[in-house]
Amino acid sequence: MAIVRKASRVCTMIAALAALPAWGQSSQPDLRAQDAQDTHTFLASHPDLRYRKLGKEAQARGRLEEARRFYRLGARHADKLSQAALAEMWWNGQGGDQDRALAYAWMDLAAERGTEFLLVLRERYWAALTPDEQTRAVQQGQALYAEFGDTVAQPRQERELRRGLLEVTGSRTGWVGGMRMLVRDDRGKRYVEPDVFYRDEYWQPDQYWHWQAQQLEAAGRTIGTGSVEVGIPTAVPGSQD
């Protein structure tokens with residue numbers, strides 16, 4: 001019996017991701033934290049957030065090939081939303097070729113930590129693949145996990161955190177009376193509050209990954225599990241293999 005797919009609409013998760021700031025989103029955003037996290041100094045030490053931000057900016061300008069490249073760099077530093085964004089772009093052929101098997105492999109990687117909304121999206125992808133695509137998805141997924149899985153990507157990100165923390169605290173340059181610190185961002189230089197900038201959840205690996213889990217939960221609430229409709233395979237009555 002032949003298998004066909006229901007027509008699917010363009011996925012909207014990437015658009016929802018583009019609306020999220022680099023640090024995630026909550027019902028009561030911490031404006032002091034957002035001000036610190038959006039600086040060049042902070043993002044230079046957080047390549048996961050920096051490349052996701054650059055990917056979203058490129059995407060918003062319609063530079064989709066560039067967006068893929070940035071999301072892939074974010075994915076190398078264990079950013080699950082960058083991995084999910086890549087999955088969507090491969091699924092829809094945005095910024096390059098369409099490859100649904102590879103899209104599934106990326107979404108499977110994005111759901112590696114068991115995040116509910118990413119697991120839902122992963123299963124919708126799987127249900128829409130043909131048997132041949134499913135076989136290829138499993139094969140491609142093995143290569144992705146070897147380079148982008150948490151066992152290798154999280155240590156890569158942790159090295160950046162440790163290096164960055166040493167650099168920004170080594171000389172204390174820019175401190176003003178212990179109450180403000182001078183940092184750089186795209187608009188030049190400005191002051192942020194050091195007690196916010198140096199929170200352990202932004203720099204200490206164990207606390208950082210806990211904070212990231214909270215950001216994924218917030219993203220799930222913002223995006224929702226019903227935002228992607230890829231269609232379910234259906235059998236054509238009376239058709240032959």
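Residues numbered from 1 in each chain as written. Predicted model: local features only at pLDDT ≥ 70, side-chain atom pairs only at ≥ 80, totals over all residues. Heavy atoms only, no water.

So, about the overall build of the chain. The helix and strand inventory of the chain stands at 13 helices and 5 strands. Split into buried and exposed, the 241 residues of the chain put 47% on the buried side. For the chain, the share of sequence-separated contacts (at least 6 apart) that also reach a separation of at least 24 residues comes to 70%. Accessible area for the chain stands at about 11900 Å²; split by element, carbon and sulfur atoms hold 50% of it. (Helix = DSSP H or I, 4+ residues; strand = E, 2+ residues; numbered from the N terminus. Buried < 20%, exposed > 50% of the residue type's maximum accessible area, 1.4 Å probe, protein only. Contact = heavy atoms within 4.5 Å. Areas by Shrake-Rupley, 256 points an atom, 1.4 Å probe, with all protein chains shown as cover.)

Now for the nonpolar core. Grouped together as the largest cluster of nonpolar side chains are 36 residues, with contacts concentrated most on Trp 106, Met 107, Phe 117, Leu 118, Tyr 125 and Leu 144. Looking at this core, the element that brings in the most residues is helix α7 (residues 100-110), giving 9 residues. Ignoring anything within four residues of it in the chain, the contact list for Leu 118 reads Lys 80, Ala 84, Met 107, Ala 110, Ala 111 and Leu 216. By size, the runner-up hydrophobic cluster in this structure holds 18 residues, among which are Phe 42, Leu 43, Val 196 and Trp 211. (Core = buried A, V, L, I, M, F, W, Y, C linked by side-chain atoms within 4.5 Å.)

The next thing to look at is unusual backbone geometry. One can expect most non-glycine residues to show negative phi and most peptide bonds to be in trans. Here the phi dihedral of Ala 78 falls at roughly 65°; this positive angle occurs in a residue that is not glycine. Within the fold, Ala 78 resides in the loop between α5 (64-75) and α6 (80-92). The class for Ala 78 is buried, based on a relative accessible area of 2%.

Let us now look at the side chain of Asp 79. The residue Asp 79 is located in the loop between α5 and α6 in this model. With near-sequence residues (within four places) excluded, Asp 79 lies in contact with Asp 48, Arg 52, Gly 74 and Gln 212.

A few words on the packing of aromatic side chains. Tallied over the full model, the rule gives 12 aromatic pairs. Taking the centre distance of 5.6 Å and the plane angle of 50° together, the rings of Tyr 208 and Trp 211 count as tilted. Pair noted here: Tyr 208 and Trp 211 are both in helix α13 (residues 205-223), with a separation of 3 residues, about one helical turn. One aromatic cluster in this structure is built from Phe 42, Phe 197, Tyr 198, Tyr 202, Trp 203, Tyr 208, Trp 209 and Trp 211. (Phe/Tyr/Trp six-rings, centres within 6.5 Å; stacked < 30°, edge-to-face > 60°.)

Take the pattern of salt bridges next. A full pass over the atoms with the stated rule returns 16 salt bridges. Between Arg 63 and Glu 66 there is a salt bridge, with its nearest N and O atoms 2.7 Å apart. One salt-bridge network, held together by shared partners, links Lys 80, Glu 112, Arg 113 and Asp 150. (Salt bridge = Lys/Arg side-chain N within 4 Å of Asp/Glu carboxyl O.)

Turning our attention to the packing of α5 against α6. Direction vectors running N to C along α5 and α6 enclose 145°, while the axes themselves pass 8 Å from each other. Taken as a pair, α5 and α6 cross one another with a handedness that is left-handed. Residue-level contacts link Leu 64, Ala 67, Arg 68, Tyr 71, Arg 72, Gly 74 and Ala 75 of α5 to Ser 82, Gln 83, Ala 85, Leu 86, Met 89 and Trp 90 of α6. Along the lines of polarity and charge, the residues of the contact of α5 with α6 split into 8 nonpolar, 3 polar and 2 charged. (Axes fitted to C-alpha atoms, helices over the stretch in contact; angles between N-to-C directions. Left-handed = near helix turned anticlockwise from the far one by under 90°. Nonpolar A, V, L, I, M, F, W, Y, C, P; charged D, E, K, R; others polar.)

Our next topic: helix α9 (residues 131-148). Taking 1.5 Å as the rise per residue, α9 with 18 residues should run 26 Å; its terminal C-alpha atoms sit 25 Å apart, in good agreement. Of the positions making up α9, those classed as buried are Glu 133, Ala 137, Gly 141, Leu 144 and Phe 148. (Expected span 1.5 Å × (residues − 1).)

Moving on, we get to the confidence of the model for the chain. Looking at the chain, the pLDDT average stands at 80 and 71% of residues meet or exceed 70. Within the model, the stretch residues 22-27 combines pLDDT values under 50 with 16 contacts to residues more than four positions away or in other chains. (pLDDT = per-residue confidence, 0-100.)

Moving on: the side chain of His 77. By the secondary structure assignment, His 77 is in the loop between α5 and α6. Judged by relative accessible area, which is 9%, His 77 ranks as buried. At 3.2 Å, the side chain of His 77 forms a polar contact with the backbone oxygen of Leu 73. Beyond its immediate chain neighbours, meaning those up to four positions away, His 77 contacts Pro 47, Asp 48, Ala 153, Arg 156, Gln 157, Glu 160 and Trp 209. (Polar contact = N/O pair within 3.5 Å; in protein donor to acceptor, adjacent residues only side chain to side chain.)

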